[in-house]
Amino acid sequence: MNRTLRSARRPARLLAVAAAVTVSLTLLTGCGSFLDDIMSSGEAPRDEPGGEITASADADAFEILKGDCIDLEALDGYGESAEGEDFEVESVPVVPCAEEHTGEVYAELIMDDAEYPGDEAMSKKFDEWCYAEFEKFVGVSYDESVYGYTGFYPTQATWDQLNDRSLQCIISSEEPFTGSLKGVAE
């Protein structure tokens, strides 16, 4: 199965709340993939006990964790897609946060809903939650920030087939940075 990415570029400043809706990343299944294939490949190199990425690698899209740093620009299809456009990804280029990157997973929510809420409700929940969590992480609201966000969230297929309940928000930057953007207030 693959994750679907929705491109998350942002001009220098975007003031419309509606823009947050167009920068989400969705999880979708790929045809002909098996659960065993997903779970057995692309493990991110992590240290113990902290779990931080220790080397650049292409990690399985379902292995991404809060705090991981991602080179969004190196993600196949990311640079060619238009804002708000979805595309499938099997792996995500992760790097140690001390190296240059253009994305960082800043928040994660594990949903406890029994039933899939539907595509529109899921997208809305993702955008509302990531929008609210953005200010807590960065130190200024999304509307005041120079950064964008994108992320992963379940689809009906990943919800049903993989018991996927995770919403993950990724802060995105047009310019590479090192370290974390936590508390930068920009």
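Structural data are supplied above this passage.
Since the model is a prediction, treat every value here as computed from it, not as a measurement.

Trainee: What exactly am I supposed to notice about the sheet that holds strand β6 (residues 91–95) here?
Mentor: Sheet strands pair via backbone hydrogen bonds, and the direction of the pair is either parallel or antiparallel. Spatially, six strands are ordered β3-β6-β4-β7-β9-β8 in an open sheet, and the strand pairing comes out antiparallel. This sheet does not close on itself; its edge strands, each paired only once, are β3 (57–60) and β8 (148–152). Strand direction decides the pairing type here: strand β4 (residues 69–70) and strand β7 (residues 101–110), joined by two bridges, are antiparallel. Each bridged residue has a counterpart across the sheet, and for Ile70 the counterpart in β7 is Gly103. Sheet strands in contact with helix α3 (residues 119–138) are β7, β8 and β9 (166–177), and its direction is about 55° off that of β9.

Trainee: Just checking my understanding: could you explain the packing of aromatic side chains for this structure?
Mentor: Pairs of aromatic rings are described using the distance from one ring centre to the other and the angle between the two planes. By the definition in use, this model includes nine aromatic pairs. Aromatic pair Tyr116 and Trp159: ring centres 5.6 Å apart, planes at 70°, arrangement edge-to-face. Here Trp159 lies in helix α4 (residues 156–162) and Tyr116 lies in the loop between β7 and α3, a separation of 43 residues in the sequence. Given the relative accessible area of 11%, Tyr116 is considered buried.

The rules we used
- Sequence order as written defines residue numbering, which begins from 1 separately in each chain.
- Given that this is a predicted model, residues contribute local features only at a pLDDT of at least 70 and side-chain atom pairs are listed and counted only at 80 or more, while totals for whole chains, interfaces and linings are drawn from all residues.
- Derived side-chain values reflect all non-hydrogen atoms in the structure, with water molecules and hydrogen atoms excluded from consideration.
- What makes two strands pair is DSSP finding at least two bridges between them.
- Put simply, DSSP marks the helices as runs of H or I at least four residues long and the strands as runs of E at least two long, and each gets a number from the N terminus on.
- Residue contacts follow a heavy-atom distance rule, with two residues in contact if any of their heavy atoms lie within 4.5 Å.
- Think of each axis as a best-fit line through the C-alpha atoms, taken over the contacting stretch in the case of a helix, with angles from 0 to 180 degrees between the N-to-C directions.
- The rule is short: rings of Phe, Tyr and Trp, with Trp giving its six-membered ring, pair when the centres are within 6.5 Å, and they are stacked under 30 degrees, edge-to-face over 60, tilted in between.
- Only protein chains enter the area calculation, which uses a 1.4 Å probe; residues under 20% of their type maximum are buried, those over 50% are exposed, and those in between are partly exposed.

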